[in-house]
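Structural overview for review
Here is how the chains run, residue by residue.
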Amino acid sequence: MNNTLLECRDITVKFGRGSDAFDAVSGASVKVGENEAIGIVGESGSGKTTLARVLVGLQTPNQGDVLLENKSLDSVQNSAGISQNDRWKVQMVFQDPYSSLNPMLTAKTAVAEAIQVWTRCSKNTAMNEAIELLGDVGIPPDQASQLPGNLSGGQRQRVSVARALAPKPKILIADEPTSSIDQSAQAQLLNLLRRLQEERKLAIIFISHDLNLIRYLTSRVYVMQKGDIVEQGPTEKVFLKPSHPYTQTLIQSIPGSKSDTTKIVDNSGV
Amino acid sequence: MINHDPGSSPPLLSVNKLRVSFRVGSGINLPVIDTADFILEPQGSLGLVGESGSGKTMLCRTLIGTLARHGAVINGGNITFSGQPITNLGESEWRKLRGHQIGYIPQSSMAGLNPILTIKSQLSEVVKHSTGGSESEVRREVLGLLERVRIPRPTAVMRSRPHQLSGGMRQRVIIAAAIAQGPKLLIADEPTTALDVTVQSEILALINELREELGMALLLVSHDLAVIEEMCSLMAVMYAGATVEVGPTENLISSPNHPYTRALNTSRTDKARPGDLLESIPGDAVSVGHWPNGCRFWPRCPIADLDCQDGLQPDLLAIEQRASACIHSDRMEVTD
């Protein structure tokens, strides 16, 4: 791994109160280096999205620190004023492009808005930059003037990527970026993210339950189960020689892994 | 059309040149399936793949007789089930078929269940039709069904309401309802899309076990080729309302005869080596109402030429066990 860019240490997030209280994330530590692609895998409820929200600063952890370039994100957070902190360096692409884009804003306005928030430039400059940025993610100018409702799922997700790129971040966190789009659009998006990683020297954190996707895209992986990181390491190694039983179950469950599916134990509770 | 050996018993399901349209205003029709062609033998398995908007779900609705509820009609072709025509059945005839002969697992397990009724009362409704028996008989039937779909602690589950169950358990309840009357055909529309990978593999294993137990044929809709590969011996690929390639799954994956089938296969992350660029299909899937002339795939096709751009969507052309709608399928190179 190159120099550590973003790191979280012993993160615990509690949800609920009293007897309903539980740890969505308990004592998780994750690091990502410059220009590195890492993955966080796990099933729904394993805490991977909560951890992602902590990393991007949307969720305050009950315990633990988030360090961006060795500076605490927490201390910055307390000094008011968005532009003064370094939050812009970490951006998120959300799971569902149907709900993460404002249906009343055209693609270019949505991206221009993000550019203006971060750079405080004129509306015109922002609009021109937005069109350029959208072009870079494969949205031509005529589609850039469309409302999200007139765009396909794949196109919408590319608009979300353009919006996340607006402040020229160093880290992109992609939470299940392909789960709601078609396979051909999925390949386009994954190729795009890989190209952006290379061209913009981005670090990318992929959150996914799709193990094939994680294997294809990342060099290191963290496996989460019930709020714990149960296994971590170089992606290929974890896939070829999973050491934790949960990781083994996950890998055996991949369709086409040719395992005897009938042997899988029923461990889903009521 | 795909060849069917005339010497054998009739196929379980035969879909011939099926056309379905949405009714938009008076007399204006918006085609959504044009045309679908495939055959499913008794106890066979066929995977239906394609992107959203390709007509997969509308085809399922056609096969369970609920098109009218979605404002659509069959306007061409025919369907036979166990040798009997079912193209123009009325609702009362569908009621005898749906559930009894053709079971259906919908995409979302939450939508398939009534949120305010207990599992027992929902499954009771299904078994009452067949047993017509006493309270205790119905209860025993329901319990038996839950055991059949391997639900742990079935008596507790009977008293639960859908929100108290996990997604995987809800899907098992849906499956229980679908198989309650021992259908000959099970239609599953993306049955595991919303589920985690470990739960998905349990549900798929359950479907396989039940197929074997009950001798059911399976029509499985999925956008996940790996799932189809694992579950189905035959595969039909849909693009923009048409079945563009049909045949044994193995063959379609190892040597596709339609560029779209090939593209679906090469854009899979599970087959790509880390670091390789995925071969993506340029452009976006065409939506209903925006189909181009000629072969509907030509604007995105790497081997399309002028011949592909005119006229109607080419028909499936059968060669032995498989059929492709590509007029240039001889130009398809073998993958790998």
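Because the structure is a prediction, the values reported are computed rather than measured.

Structural notes on the overall build of chain B
When helices and strands are tallied, chain B shows 10 helices and 12 strands. Taking 336 residues into account, the globule formula puts the C-alpha radius of gyration at 20 Å, and chain B, at 21 Å, falls close to it. Projected onto its principal axes, the C-alpha positions of chain B cover 70 × 50 × 45 Å. Restricting to contacts in chain B with at least 6 residues of sequence separation, those with at least 24 account for 64%. A total accessible area of about 14,400 Å² is found for chain B, and carbon and sulfur atoms account for 50% of it. Taking the 30 positively charged and 36 negatively charged side chains of chain B as two groups, their mean positions are separated by 10 Å.

Side note on the pattern of salt bridges
Scanning the model with the defined rule gives 29 salt bridges over all chains in all. The shortest N-O distance in the salt bridge between A:Glu7 and A:Arg9 comes to 3.1 Å. Since its relative accessible area comes to 10%, A:Glu7 is described here as buried. A relative accessible area of 39% places A:Arg9 in the partly exposed class. Two residues, B:Lys271 and B:Glu229, come together in a salt bridge whose shortest N-O distance is 3.8 Å. Highlighted residues: B:Lys271 in the loop between helix 10 (259-266) and strand 11 (317-319) and B:Glu229 in helix 8 (residues 225-231), separated in sequence by 42 residues. For B:Lys271, a relative accessible area of 47% puts it in the partly exposed group. B:Glu229 sits in the partly exposed class, given a relative accessible area of 27%. Taken together, the shared-partner salt bridges in this structure form one network comprising A:Asp136, A:Arg195, A:Glu199 and A:Arg200.

Regarding helix 1 (residues 56-63) of chain B
Residues and elements named next belong to chain B. The buried count for helix 1 comes to 6 of 8 residues, which makes it a mostly enclosed element. All of the buried residues in helix 1 are Lys 56, Met 58, Leu 59, Cys 60, Thr 62 and Leu 63. Phi turns positive, to about 65 degrees, at Gly 65, one or two residues after helix 1.

Structural notes on the confidence of the model for chain A
Residues and elements named next belong to chain A. Averaged over all residues, the pLDDT of chain A is 86; the fraction at 70 or higher stands at 90%. Note that residues 76-83 has pLDDT below 50 and, in this model, 6 contacts with residues that lie over four places away or in other chains. Contacts for the low-pLDDT stretch residues 259-270, under 50 throughout, to residues beyond four places or in other chains number 28 contacts.

Structural notes on the interface of chain B and chain A
Taken together, the contacts link 42 residues of chain B with 38 residues of chain A. In total, chain B and chain A occlude about 3,300 Å² of area from one another, counting both sides; carbon and sulfur atoms represent 50% of this. Considering only the side of chain B, the residues that lose the most area to chain A are B:Asp196, B:Val197 and B:Thr269, jointly responsible for 17% of the buried surface there. Our count for the contact surface shared by chain B and chain A stands at 0 salt bridges. Taken together, chain B and chain A are joined by 8 residue pairs in polar contact (both at pLDDT 80 or more). Mapped by element, the contributors of at least two residues to the side of chain B that touches chain A are helix 6 (167-179), helix 7 (197-214) and helix 8 of chain B.

Notes on the side chain of A:Asn212
Note on placement: A:Asn212 falls in helix 9 (residues 211-217). Residue classification places A:Asn212 among the buried positions, given a relative accessible area of 16%.

Quick notes on the side chain of B:Ser324
Residues and elements named next belong to chain B. Here Ser 324 is to be found in strand 12 (residues 322-324). We classify Ser 324 as buried; its relative accessible area is 4%. Among the polar contacts made by the side chain of Ser 324, one reaches the main-chain amide nitrogen of Cys 326 at a distance of 3.0 Å. Leave out the neighbours within four places in its chain, and Ser 324 touches Val 244, Glu 245, Asn 257, His 258, Asp 315, Leu 316, Leu 317 and Ser 329.

Digging into the packing of helix 6 of chain B against helix 7 of chain B
Residues and elements named next belong to chain B. For the pair helix 6 and helix 7, interaxial distance at closest approach is 10 Å and the crossing angle is 15 degrees. By the angle class used here, helix 6 and helix 7 are roughly parallel. Between helix 6 and helix 7 lies a crossing whose hand is right-handed. Two secondary-structure elements touch here, helix 6 through Gly 168, Gln 171, Arg 172, Ile 175 and Ile 179 and helix 7 through Val 199, Glu 202, Ile 203, Leu 206, Ile 207, Leu 210 and Leu 214. A per-class count over the contact of helix 6 with helix 7 returns 8 nonpolar, 2 polar and 2 charged.

Here we look at the nonpolar core
B:Leu13, B:Phe38, B:Leu59, B:Leu63, B:Leu146, B:Ile175 and B:Leu185 are the most contacted members of the largest nonpolar core, which has 95 residues in total. When residues in this core are grouped by element, the largest group, 7 residues, is from helix 6 of chain B. Residues contacting B:Leu59, with those up to four places away along its chain left out, are B:Leu18, B:Ile33, B:Ala36, B:Phe38, B:Leu48 and B:Met238. Grouped together as the second largest cluster of nonpolar side chains are 51 residues, A:Leu202, A:Ile204, A:Ile214 and A:Val223 included.

Remarks on the pairing of strand 2 (residues 22-33) of chain A
Residue and element names in this part refer to chain A. The pairing of strand 1 (residues 4-15) with strand 2 spans 8 bridges and is classified as antiparallel. Within strand 2, the residue paired with Val 13 across the bridge is Val 25. Where strand 1 folds back onto strand 2 in an antiparallel hairpin, the turn is made up of 6 residues, including Gly 16, whose phi is positive at roughly 80 degrees.

A short note on the sheet that holds strand 10 (residues 228-234) of chain A
Working definition: the strands of a sheet are paired by backbone hydrogen bonds and lie parallel or antiparallel to each other. All names here are of chain A. Taken in spatial order, the 6 strands of this open sheet run 6-7-8-3-9-10, and their pairing is mixed. Each having just a single partner strand, strand 6 (90-93) and strand 10 make up the two edges of the open sheet. On average, each strand axis in the sheet is inclined to that of its neighbour by 20 degrees, with strand direction left out of account.

Re helix 4 (residues 135-148) of chain B
Between its first and last C-alpha atoms helix 4 of chain B spans 20 Å; for 14 residues at 1.5 Å apiece the expected length is 20 Å, and the two agree. Looking one or two places after helix 4 of chain B, you find B:Arg150, whose phi comes out positive at around 55 degrees.

Points about the confidence of the model for chain B
Per-residue pLDDT for chain B has a mean of 90; in total, 95% of the residues score no lower than 70. Scored by ipTM, the complex comes to 0.75, with pTM at 0.86.

Quick notes on the rules
Residues numbered from 1 in each chain as written. Chains lettered and ligands numbered in written order. Predicted model: local features only at pLDDT ≥ 70, side-chain atom pairs only at ≥ 80, totals over all residues. Heavy atoms only, no water. Helix = DSSP H or I, 4+ residues; strand = E, 2+ residues; numbered from the N terminus. Rg over C-alpha atoms; globule rule 2.2 N^0.38 Å. Contact = heavy atoms within 4.5 Å. Areas by Shrake-Rupley, 256 points an atom, 1.4 Å probe, with all protein chains shown as cover. Lys, Arg positive; Asp, Glu negative; His and termini not counted. Charge placed at Lys NZ, Arg CZ, Asp CG, Glu CD. Salt bridge = Lys/Arg side-chain N within 4 Å of Asp/Glu carboxyl O. Buried < 20%, exposed > 50% of the residue type's maximum accessible area, 1.4 Å probe, protein only. pLDDT = per-residue confidence, 0-100. Buried area = accessible area lost by both parts, 1.4 Å probe. Polar contact = N/O pair within 3.5 Å; in protein donor to acceptor, adjacent residues only side chain to side chain. Axes fitted to C-alpha atoms, helices over the stretch in contact; angles between N-to-C directions. Parallel < 35°, antiparallel > 145°, perpendicular 65-115°, else oblique. Left-handed = near helix turned anticlockwise from the far one by under 90°. Nonpolar A, V, L, I, M, F, W, Y, C, P; charged D, E, K, R; others polar. Core = buried A, V, L, I, M, F, W, Y, C linked by side-chain atoms within 4.5 Å. Pairing = 2+ DSSP bridges. Expected span 1.5 Å × (residues − 1).

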